[in-house]
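So the chains spell out like this:
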Amino acid sequence: MAGGGVCSPGPGCGLWYHRDLSRAAAEELLARAGRDGSFLVRDSESVSGAYALCVLYQKHVHTYRILPDEDDFLAVQTSQGVQVRRFKTLNELIASYLQPNQGLVSTLLYPVEREDKKEATEDKDYSDGEDDKPPLPPRSASTSFPGSAGTCLSPVAQDGTAESAANGMTTMSHEYLKASYVLDLEAVKAGATTLPHLNKALMTSCKKLNSEVDKVLAGLEILSKIFDQQSSPLLTRLIQQASSQGGDQEMENLVMKLSVLKDLLSSMERKALKALQEMSSCPSFTSQSSMFSHTAPRKARNIPVQAFEVKLDVNLTDLTKIGKSQKYSLSVDVDGGKLVVLKKSKDTQEDWNTFTHDKIRQLIKSQRVHNKLGIVFEKEKDKTQRKDFIFETTRKREAFCQLLQLMKNKHSKQDEPDMISIFIGTWNMGSAPPPKAMASWLVSKGLGKTLDEMTVTIPHDIYVIGTQENSVADKEWVDFVRSTLKEFTDLDFKQIAMQTLWNIKIAVLVKPEHENRISHVITSSVKTGIANTLGNKGAVGVSFMFHGTSFGFVNCHLTSGNEKSARRNQNYLDILRLLSLGDKQLSSFDISLRFTHLFWFGDLNYRLDMELQDILNYINRKELEPLQKVDQLNLEKEKNKIFLRFFEEEITFPPTYRYERGSRDMYACHKQKPTGVRTNVPSWCDRILWKSYPETHIICNSYGCTDDIVTSDHSPVFGTFEVGVTSQFVSKKGLSKSSDQAYIDFENIEAIVKTASRTKFFIEFYSTCLEEFKKSSENDTQSSDNINFPKVGWSSRQLPTLKPILSDIEYLQDQHLLLTVKSVDGYESYGECCIALKSMIGSTVQLFLTSLSHRGEETGNIRGSMKVRVPAERAGTRERLYEWIRVDKDETGAVKGKQGNRSTQDLKGNFKKVATGESSMTPLGKQCEELDRGACGPAGRTSALLPAPAAEDRPRAKRAAQAYCMTPAWGTGCGAWAWRSMRRGWSTMAGMTWNSSDSVGFEPGSLALKWPNPASHIAET
C-alpha cells in the first residue's frame, strides 16, 4: 500500500500493530489480556492493504475494518449515514480513538503488544544446523556438464575457482575491493602500467565463461562445416589457436573468441538460408539424400508378458475340489489385452482359458488375507463366474492388479484416462553432485514398501522431483532426470514446470501424450529462512489442471535442529498461507483446500525425541514402531498443529538422515563445532504426505527410500500413487435447459465456530460446477452457551439454490462444493470445508457433517441437510476404471497401517442407508449403537473399512464414542469425527468435545475421535 497509510512494525508504529497476525491468534492474545478496552491492530485477512482493529469488551472481541481510500487515507468502516473520519497514518487513527466517545464499543485503553517470536538461536539456522554461514543464493548460470547423461554432474558452486560465472563475478568483486584493490593502488603509485591482481581475478572468474564459449564455438563449427565450407577451416584454426594459449594471453584470447562468436552468430542464419536455397533448387535433392539424418521418435517399450504363480482358494464346502491340484499360472499380456489362466496338472495335459480384457468384469481384493484376490470373469452373456486366487506375496497381488488395470486402460474405448499414476520423489542432496546412476530412485527400488520387479519399469504418467541443497543448474538437472527416465522407459518426458528457490527445486515431467491435457500451470515460492527473508529454507510449489482435476505439489525445506519443532510448525503455516498456487478465485481458502489432490513433501526436518543410543538400538533390531511414537511430525500432527487431515503411508524403512556419506551402513551423528559437539540423531526428515477432496480415488502403491545412493547424508525417498482423474466433460445432451436443470437445495445449515467475536455470519459457496460463487444471507439463529464457541444457523430462506452449469449425473458426481463461513463485520473467514456432491445426489434429503478449518487450524464444525436434484434424462453414468477394483465387502478386518479401498458405488449405497432419515437433523444416532462392531462412521464411510480396536482399547473406544455421539447439540448423531484406531494405539490430543449444555471447547488431553489414517482411501467429507 502506498502513501500515508503505509505502516511497518518499526519505531513508527505502536507495539499494538501485529502485521500478519491471524484472526484466531489475535483473539487468543486479547483473551489472555482479559481487560475491557484491550486492543490491537493486525493486517486484514480479506482485503489487501487494509487493517483490522480488534477490541475486547465483555469477553467478546469486536472487529472494525480500517480501509484505505483512493488517496491512501485510512478510515474505520462505519454504518451508512455516519460521517467518515480520514487519517494519514495508522498512528494518527489509533491516537484519535484513544479518546473516549469515538463510536467504538469501548475506548481503546490497553494496547496488546507483539510477542517476540524470534529465538536467538534461530539466527544460526542455515543448513541442517551445520553450516557456519548461510549459502549464497544460486544464480541462473549453467554448469559445465562433461560427458553423456550418465556422467556425474558438477555442482554450480564448490569452491572459489569452480563456481558459476555470476556467483564467481560477484564474489570476485567483493574480494578484490576488500583486499587486492589496495595492492594494485600501491603498484600504480609506484609507476606500474598494469593491474596484475585485477587481471588475475578476472581470469579466475572467467574460466567458466571460457569453457562455455568453447562449447558454443564447437557447436557453431559443426554448422559452419555444413553451411559455410569456405570459411570453416579458418574458424577451426582460430578455435585451436585460442584454446592452445593460456597464461597472460588468456584474457586476450577470451576477448578474441567472443569477437569470433559475435560474427558467427550474426552471419550463421544468412549463410544457412543461402545453403538451403541452393539445396532445394537441385533437381536430385530429396529429404532422404539430405545430409541431415532424422531419427524417428522412440516409442515406449512393449511390456513383456508376465506370469504369476498362484493357488486356487478352495472353499471347505466345495468337497469335490479338496485333494486335487489347485496350482495355476496367470499370464498377463498387457499389449495383447488378454489374460491366460492355466491350470497346472501332474500329467502332460494342462487346462487353460484365455480371457480378453472386456471379459474380466472385476477384481476383488481381500482385506483379511492380504495376498488373496477374487477375479470375476464373464463366461456367457450376463453370466459371470468368480474365482479366488492366493498369490505368493501381497506385492505380487498388487503387481497383478496394476498390470490388469494398465491393460484395461490401454484397451479402453474411452478417449481420456480415468486414472493416472504419479511418482513423487524428495531428496536432500547435501550440496553434492548426484551419482552417475540414480535409476533406483525413479523406479522405487530400495527399502520400505516398494513395487514388484514386474512393474518397476512401467513408466508413470507424471514424475514430480523435489530436491533440497541441490547445487546443480536447473537445465542440467532436468536434462539429467529426463535422460535417466529415458534409459528405462524409452520415452522423452516433457517438462511441464520447474521452480527454484536458492537450492530448493521442484521439477514436473509428464508423458508426451499428457502434455496437452495439462493446463493452468502456476509456480510459486516462499522464503522461511532468517526473518523469512532468506531462501535457504522455504518451499517451492507447482499447480496445474489435468483436464478437470486440480493438482498441487509443494516441496519444502524446513528449519533444522532437534529442538526446533515450534519453528518448523510456523514454517508450515507460513507456507500454507503464502504460497500462491491454484485458482485465484479461491483466495479465501488456503492451499490445502484448493486442489483435488495436494502432495506435500521435502526435508521437513522433524526429528526423533529419543536418546541417540536407544534410536540406534531400535534401528539395528529393525523395530520401527517405537521410533514412530517419538517422531516429532507424528506428535505435532496428532496435536492438530500441522498437516490437518493430511495422510501419510505407513513408514517401513529406516530413518533417512543422518548417514555417513559414501555408505548406508552407519549413521554419522556427531559433528565438531566451534561451540562444541553437535548431535543430529537419525530421523525421518524426508517425508511425503497428501490431502485429497472427499470421495475421490487415491492409493499409495509404494513408499520407501533407496539404499544404493550414498552421495548425501540423506537417502532419496519415493512414493507412487494411483489417482483418479476426471475428463473435460462434454454432455451428450447439450447444455442444461430450464426443463432439465439440476439443482442443489439446502434445507438448513448449522455451524459451531471457534471465536470470541460478537458478529453475524454468512456462507460463500464455490465450485467449478458454478458459473460464479454464491452467497447466503446472514444467519437467522445464534446461541452462545459457551462464549468462545457460538452456534449459528441458517434456514432454507437464508440459503441460495445453486444451479450447476451441467446437469448430468456423470459430471456432478465428480464435483465438490467449497464453503467458507465469513463474518459480516470484517468479511474474514472463520472456517472452510469441502463437501462432495456424489453422496448428496438423490431424490431425498441427504446430510453432511464435517470440520471447519482456517489457516491450518481446526476452527469448528458444520452440518446440514441438502439435496442434489438431477433430471431423470440426465441420470446415466458409467463405471470408472478405478471402480473396477474393489475391496471384498463380505470381509472384516483391515490391512495393517492402511485402509482398504472400496468402490465408490459401495460407499454411496452405504451412505444412503446411514444418512437418509425422516428428521433432517437426527440422521446418525442409530448407527452409533453399532460401535461395538466398529460400524459407526460419518456419511460417506462404510463399516467394512474400519479396523476394530485392540481388545484392551475397546471399552475406552466405546465410552469415548458414546460420550461423543450422544450430544443434544447435534441431536444423537456422531460428531464430526468418528473414532480412529491409531497404528500406535489410541492417542490423546486436543480436539472438540461436546457437553449437555450445547457448549464446545478445545480441551488439551481430551480424546479426539478420528478416522483411520489410510494409505488408500475414499476421502471422507
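Calculation notes
- Residues numbered from 1 in each chain as written.
- Predicted model: local features only at pLDDT ≥ 70, side-chain atom pairs only at ≥ 80, totals over all residues.
- Heavy atoms only, no water.
- Helix = DSSP H or I, 4+ residues; strand = E, 2+ residues; numbered from the N terminus.
- Buried < 20%, exposed > 50% of the residue type's maximum accessible area, 1.4 Å probe, protein only.
- Contact = heavy atoms within 4.5 Å.
- Areas by Shrake-Rupley, 256 points an atom, 1.4 Å probe, with all protein chains shown as cover.
- Core = buried A, V, L, I, M, F, W, Y, C linked by side-chain atoms within 4.5 Å.
- pLDDT = per-residue confidence, 0-100.
- Pairing = 2+ DSSP bridges.
- Axes fitted to C-alpha atoms, helices over the stretch in contact; angles between N-to-C directions.
- Phe/Tyr/Trp six-rings, centres within 6.5 Å; stacked < 30°, edge-to-face > 60°.
- Salt bridge = Lys/Arg side-chain N within 4 Å of Asp/Glu carboxyl O.
- Arc of directions from axis to C-beta.
- Expected span 1.5 Å × (residues − 1).
- Lys, Arg positive; Asp, Glu negative; His and termini not counted.
- Polar contact = N/O pair within 3.5 Å; in protein donor to acceptor, adjacent residues only side chain to side chain.

Engineer: In this structure, what is going on with the overall build of the protein? I would like to understand it.
Structural biologist: Counting its regular elements, the protein contains 18 helices and 39 strands. Counting over 1021 residues, the protein shows a buried share of 54%. Taking the intrachain contacts of the protein between residues at least 6 apart in sequence as the baseline, contacts between residues at least 24 apart amount to 68%. Summed over all atoms, the accessible surface of the protein reaches about 45400 Å², with 50% contributed by carbon and sulfur.

Engineer: Help me out: how do you make sense of the nonpolar core in this one?
Structural biologist: Most often, soluble globular proteins have nonpolar side chains that are buried together. Of all hydrophobic cores here, the largest spans 47 residues; its most connected members are Ile422, Phe551, Phe553 and Phe599. The residues touching phenylalanine 599, leaving out its near neighbours within four places in the chain, are Ile422, Ile424, Phe551, Gly552, Phe553, Val554, Leu689, Trp690, Ile698, Phe721 and Val723. Counting residues in hydrophobic clusters, the runner-up holds 33 residues, among them Phe765, Leu802, Ile835 and Val868.

Engineer: Just checking my understanding: could you explain the confidence of the model for the protein for this structure?
Structural biologist: Interpreting fine coordinate detail is not advised for predicted regions of low pLDDT. Averaged over the protein, the pLDDT score is 77; the fraction of residues at 70 or greater is 70%. Scored below 50 in pLDDT, residues 117-123 shows eight contacts in the model against residues more than four places distant or in partner chains. Low pLDDT, under 50, characterises residues 140-167; the predicted model gives this stretch 67 contacts beyond four residues in sequence or across chains.

Engineer: So what exactly am I meant to see when it comes to the sheet that holds strand β8 (residues 338-343) here?
Structural biologist: Sheets are built from strands that pair by backbone hydrogen bonding, the pairs being arranged parallel or antiparallel. If you trace the eight strands from one edge of the open sheet to the other, you get β9-β8-β7-β6-β12-β11-β10-β36, paired in mixed fashion. If you trace the sheet from one side to the other, it starts and ends with β9 (351-356) and β36 (885-887), each paired once. On average, each strand axis in the sheet is tilted by 30 degrees relative to the strand beside it, whichever way the strands run. For strand β6 (residues 306-312) and strand β7 (residues 327-333), the ladder comprises six bridges, and the chain directions are antiparallel. Note that in β7 the partner of glutamate 309 across the bridge is serine 329. Lying on the sheet, helix α8 (residues 394-410) is in contact with β6, β7, β8, β10 (360-365), β11 (372-380), β12 (383-391) and β36; it crosses β10 at an angle near 155 degrees.

Engineer: Help me understand the packing of aromatic side chains, please; the structure alone is not making it clear to me.
Structural biologist: Two numbers describe a pair of aromatic rings. These are the distance of the centres and the angle of the planes. Applying the stated criterion across every chain yields a total of 30 aromatic pairs. Note on tyrosine 17 and tyrosine 51: the rings are 5.9 Å apart at their centroids and 75 degrees apart in plane angle, and the pair reads as edge-to-face. Here the residue tyrosine 17 occupies a position in the segment before α1 (23-33), and tyrosine 51 occupies one in strand β2 (residues 51-57), the gap between them amounting to 34 residues. You can call tyrosine 51 buried: its relative accessible area is 5%. Linked through ring pairs, Phe544, Phe551, Phe553, Phe599, Phe647, Trp690 and Phe721 together constitute an aromatic cluster.

Engineer: I'm lost on the pattern of salt bridges in this one. Help?
Structural biologist: Following the criterion strictly, the structure yields 41 salt bridges and no others. Of the charged contacts, one joins arginine 517 and glutamate 416 as a salt bridge, the two residues approaching to 2.5 Å between their closest N and O atoms. On the criterion of sequence distance, the pair formed by arginine 517 in the loop between β17 (504-510) and β18 (518-527) and glutamate 416 in the loop between α8 and β13 (419-428) is long-range, its members being 101 residues apart. You can call glutamate 416 partly exposed: its relative accessible area is 26%. Several salt bridges converge on common partners, so that one network encompasses Asp313, Lys372, Arg386, Asp388 and Asp888.

Engineer: Which parts of the structure should I look at to understand helix α12 (residues 612-620)?
Structural biologist: An α-helical segment advances 3.6 residues per turn. Residues three or four places apart therefore align on the same side. Among the residues of α12, those classed as buried are Leu612, Ile615 and Ile619. Buried residues of α12, seen end-on, are gathered within an arc of 65 degrees and therefore sit on one face of the element. On the buried face of α12, the contacting elements are α13 (625-629), β22 (670-673) and β23 (676-679). Following α12 by one or two positions, lysine 622 adopts a phi angle in the positive range, close to 60 degrees.

Engineer: Honestly, the sheet that holds strand β21 (residues 597-603) in this entry has me stumped. Any pointers?
Structural biologist: A sheet is described by the order of its strands in space; here five strands give the open sequence β18-β19-β20-β21-β24, paired in mixed fashion. Each end of this open sheet is capped by a strand with a single partner; those strands are β18 and β24 (686-692). Shown here is a sheet whose adjacent strand axes are inclined to one another by a mean of 15 degrees, direction ignored. Here nine bridges tie strand β19 (residues 538-546) to strand β20 (residues 549-557), and the two strands are oriented antiparallel to one another. By the bridge assignment for β20, methionine 545 is matched with serine 550.

Engineer: It is not clear to me how helix α11 (residues 565-578) should be interpreted in this structure. Could you clarify?
Structural biologist: Taking 1.5 Å of rise per residue, the 14 residues of α11 would be expected to cover 20 Å, and the 20 Å separating its terminal C-alpha atoms lies within 8% of that figure. In this fold, the buried residues of α11 make contact with β18, β19, β20, β21 and α14 (632-638).

Engineer: Could you clarify how one ought to interpret the side chain of glutamate 832 in this entry?
Structural biologist: For glutamate 832, the position within the fold is in strand β33 (residues 829-836). For glutamate 832, which is buried and forms no salt bridge, the nearest opposite charge comes from arginine 23, at a distance of 7.2 Å. At a separation of 2.7 Å, a polar atom in the side chain of glutamate 832 contacts the side chain of histidine 854. Residues in contact with glutamate 832, not counting those within four places in the same chain, are Ser588, Phe589, Asp590, Leu593, Leu819, Thr820, Ser851, Leu852, Ser853, His854 and Arg855.

Engineer: Please explain the environment of aspartate 313 as it appears in this structure.
Structural biologist: The topology assignment puts aspartate 313 in the loop between β6 and β7. For aspartate 313, a relative accessible area of 31% corresponds to the partly exposed category. Between the C-alpha atoms of aspartate 313 and leucine 373, which are 60 residues apart in sequence, the distance is 9.2 Å. Apart from the residues within four sequence positions on either side, aspartate 313 is in contact with Lys372, Asp388, Phe389 and Ile390. At 3.1 Å, the side chain of aspartate 313 and the side chain of lysine 372 are in polar contact.

Engineer: What should I look at first to understand the pairing of β23 in this one?
Structural biologist: Each regular strand displays side chains that alternate between the two surfaces of the sheet. Relative to β23, β22 is paired through four bridges, and the arrangement is antiparallel. Residue histidine 670 lies in a different strand from β23, and its bridge partner there is threonine 679.

Engineer: I tried to follow the environment of threonine 720 on my own but got confused; where do I start?
Structural biologist: Residue placement: threonine 720 occurs in strand β26 (residues 717-724). Among the residues examined, threonine 720 registers a relative accessible area of 2% and is labelled buried. Separated by 260 residues in the primary sequence, threonine 720 and histidine 460 have C-alpha atoms spaced 8.4 Å apart. For threonine 720, the contacting residues outside a window of four places in its chain are Ile422, Phe423, Ser444, Leu451, His460, Ile699, Cys700, Asn701 and Ser702. Among the polar contacts made by the side chain of threonine 720, one reaches the side chain of serine 702 at a distance of 2.6 Å.

Engineer: What exactly am I supposed to notice about the side chain of aspartate 461 here?
Structural biologist: Mapped onto the elements, aspartate 461 comes out in the loop between β14 (447-449) and β15 (462-468). When its relative accessible area of 11% is taken as the criterion, aspartate 461 is described as buried. A polar atom in the side chain of aspartate 461 sits 2.8 Å from the backbone nitrogen of serine 421. Sequence-distant contacts of aspartate 461, that is, excluding residues within four places in its chain, are made with Ile420, Ser421, Phe493, Leu509, Val510, Lys511 and His514.

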